[in-house]
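# What the coordinates show
One-letter residues, chain by chain:
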There are 2 protein chains.
Amino acid sequence: MTSPSVPAGAAVPVRIRTMESSSTTGGSTRREATRQKLYEAAVTLIAEQGFSATTVDEIAERAGVAKGTVYYNFASKSVLFEELLRHGVGLLTASLREAAERTAREGGSRVDALDAMVRAGLVFIDRYPAFTQLYVAELWRTNRAWQSTLMVVRQQAVAVVEGVLREGVENGEFSDEIDVQLTAAALVGMVLVAALDWKSFQPERSLDDVHSALSRLLQGRVSGKG
Amino acid sequence: MTSPSVPAGAAVPVRIRTMESSSTTGGSTRREATRQKLYEAAVTLIAEQGFSATTVDEIAERAGVAKGTVYYNFASKSVLFEELLRHGVGLLTASLREAAERTAREGGSRVDALDAMVRAGLVFIDRYPAFTQLYVAELWRTNRAWQSTLMVVRQQAVAVVEGVLREGVENGEFSDEIDVQLTAAALVGMVLVAALDWKSFQPERSLDDVHSALSRLLQGRVSGKG
DNA sequence: ATTTTTGAACTGACTGGTCAGTGCAAAAAC
DNA sequence: GTTTTTGCACTGACCAGTCAGTTCAAAAAT
């Protein structure tokens, strides 16, 4: 029993009271808080270095927990990552859906809905840049364990955009010659890459600024004098 | 079974007289062929699994050479990867530039140039899907050894698009209110994600098909009936 | 009293990189 | 024309280090 209970430089475990108490998964609050800390630690590390280059020891250290705690809460490193993916895309999908529904409720057009979703996407990336990086980095890989998880979760998000496009085609707002699936992908790509460029290379710009630039592109107000 | 001195399937060293005999890098043809094989092996493996998850042994095996050969040709795994990046983006940049210049030579507008570059991008991704995957997966990472290489090389490619946009703004073809840098990024993203989706989820579609869908989006022919 | 976390030791598989040695085609020597 | 030498390109067994995952007794939190 040589080990001192408090190693030099160990973080003091400050207990923070967050509002998110219980319900959802039925897990105890304490456990949920630990999992959240692990998510946050893992997401930044994996965004920076990639999954394979990130060690469980690093994740535990950054989360301020012991390695054993990681394995108490998650079956494996892969499982931690998969649940992280599901968690993150769930947030995005909910946000996109909310934007589309709010626009519809307020009597906006489908273009307005698209625009609102572009903004929702930007807000999401603004808040969770690391998750976005990580997701982009993994999405088109093949032969990985969590491939199916990624597919399911991608479809969830893209389907929201496709839905709005399809509705627009049905009510004549959009040309019926557009390719819904491809156009949805292109729109997602537009926002994704523009936003990642924003965060990586011009982080000082405001969200509104970026949003208006993309709106212009989305609505074809590019040709001709301003 | 220890390998015989001539492993099965070993390439017969055919001496090919190419014009690039000497000077430049002074590399022999044999050596260059080996490096090419290593590029091809590395690009697919890293696209599938990521850099860290790909072992040098795997790369060597797929290229059909011994591990030592990898280190004879490249200083390290990282250096192999960096040179691979430079090599690939060089091809893309040349292709984009060629498309823009050809359009200009033929008296096309800047929109035509953009369209030609979209097609060039699609052709590139069609031919080198693995490289594209790999590039996307690494571009926005931080804290990696080859970060600076990626930046330089990204700028090379994006600058071509920015150039066309800027020219269009100068001669009044595009609104002077567009954000050149952000719009360029968004256009690249549009093509990138649409193409990766194409290759991943609808590989049976033709390039022309995909190109026309993107052209429509690019030219704002989305709203309104057919 | 029960759940959750800690922390350190341990294992076994795997990995990047090394290096002494091999094969061989062209150059040099004869 | 034959023999010898040269040195480039390649080989693959080997090494030192690393990492995911396990174990578990003790402590802390609820």
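Higher on the page you've got the structure.
On a predicted model such as this, the values are computed, not experimentally measured, just so you know.

### Here we look at the overall build of chain A
For chain A, the helix and strand inventory stands at 9 helices and 0 strands. When its helices and strands are written in sequence order, chain A yields α-α-α-α-α-α-α-α-α. Relative to its full complement of 226 residues, chain A shows a buried share of 48%. Accessible surface computed for chain A: about 11300 Å², of which carbon and sulfur atoms make up 53%.

### Thoughts on the pattern of salt bridges
For side chains bearing opposite charge, pairing can occur when the charged atoms are close. The full count for this structure, using the stated rule, is 26 salt bridges over all chains. With a closest N to O distance of 2.6 Å, A:Arg35 and A:Glu83 form a salt bridge. With a gap of 48 residues between them, A:Arg35 in helix H1 (residues 29-49) and A:Glu83 in helix H4 (residues 77-105) connect regions that are remote in the sequence. A:Arg166 is the partner of A:Glu162 in a salt bridge, and the nearest nitrogen-oxygen pair spans 3.5 Å. In this pair, A:Glu162 and A:Arg166 both sit in helix H7 (residues 147-170), 4 residues apart, roughly one turn of the helix. For A:Arg166, a relative accessible area of 41% corresponds to the partly exposed category. Each of A:Asp179, B:Arg205 and B:Asp209 takes part in salt bridges that share partners, so that together they form one network.

### Section: the packing of aromatic side chains
Note on aromatic pairs: each is described by the distance of the centres and the angle between the planes. Tallying each qualifying case throughout the model produces 14 aromatic pairs over all chains. Summarising the aromatic geometry, the rings of A:Tyr39 and A:Phe74 are spaced 5.8 Å apart at their centres and angled 45° between planes, so their arrangement reads as tilted. Within this pair, whereas A:Tyr39 is found in helix H1, its partner A:Phe74 is found in the loop between helix H3 (67-73) and H4, the two being separated by 35 residues in sequence. Judged by centre distance (5.0 Å) and plane angle (55°), the ring pair of B:Phe124 and B:Tyr128 falls under tilted. Relative accessible area serves as the criterion here: at 7%, B:Phe124 is assigned to the buried category. Judged by relative accessible area, B:Tyr128 falls into the partly exposed class, the value being 33%. Ring-pair connections join several aromatic residues into one group, and the members of that group are A:Phe124, A:Tyr128, A:Phe131 and A:Tyr135. Above the ring of A:Phe51, the side-chain terminus of A:Lys77 is found at 4.3 Å from the ring centroid. Stacked on the ring of B:Trp198, the Lys or Arg B:Lys199 has its end atom at 4.4 Å from the ring centre.

### Regarding the interface of chain A and chain B
Taken residue by residue, the interface counts 55 residues in chain A and 55 residues in chain B. Around 4900 Å² of area is buried between chain A and chain B when both sides are counted, 58% of it from carbon and sulfur atoms. The three residues of chain A that bury the most area against chain B are A:Trp140, A:Arg141 and A:Leu182, which together make up 15% of that side's buried surface. In this structure, the salt-bridge partner of A:Asp179 is B:Arg205, at a minimum N-O distance of 2.3 Å. Summed over the shared surface of chain A and chain B, the number is 12 residue pairs in polar contact (both at pLDDT 80 or more). Put simply, the parts of the chain that give the side of chain A that touches chain B at least two residues each are H1, helix H6 (129-139), H7, helix H8 (180-201) and helix H9 (207-218) of chain A.

So, how was this worked out
- Residues numbered from 1 in each chain as written.
- Chains lettered and ligands numbered in written order.
- Predicted model: local features only at pLDDT ≥ 70, side-chain atom pairs only at ≥ 80, totals over all residues.
- Heavy atoms only, no water.
- Helix = DSSP H or I, 4+ residues; strand = E, 2+ residues; numbered from the N terminus.
- Buried < 20%, exposed > 50% of the residue type's maximum accessible area, 1.4 Å probe, protein only.
- Areas by Shrake-Rupley, 256 points an atom, 1.4 Å probe, with all protein chains shown as cover.
- Salt bridge = Lys/Arg side-chain N within 4 Å of Asp/Glu carboxyl O.
- Phe/Tyr/Trp six-rings, centres within 6.5 Å; stacked < 30°, edge-to-face > 60°.
- Lys NZ or Arg CZ within 6 Å of the ring centre and 35° of its normal.
- Contact = heavy atoms within 4.5 Å.
- Buried area = accessible area lost by both parts, 1.4 Å probe.
- Polar contact = N/O pair within 3.5 Å; in protein donor to acceptor, adjacent residues only side chain to side chain.

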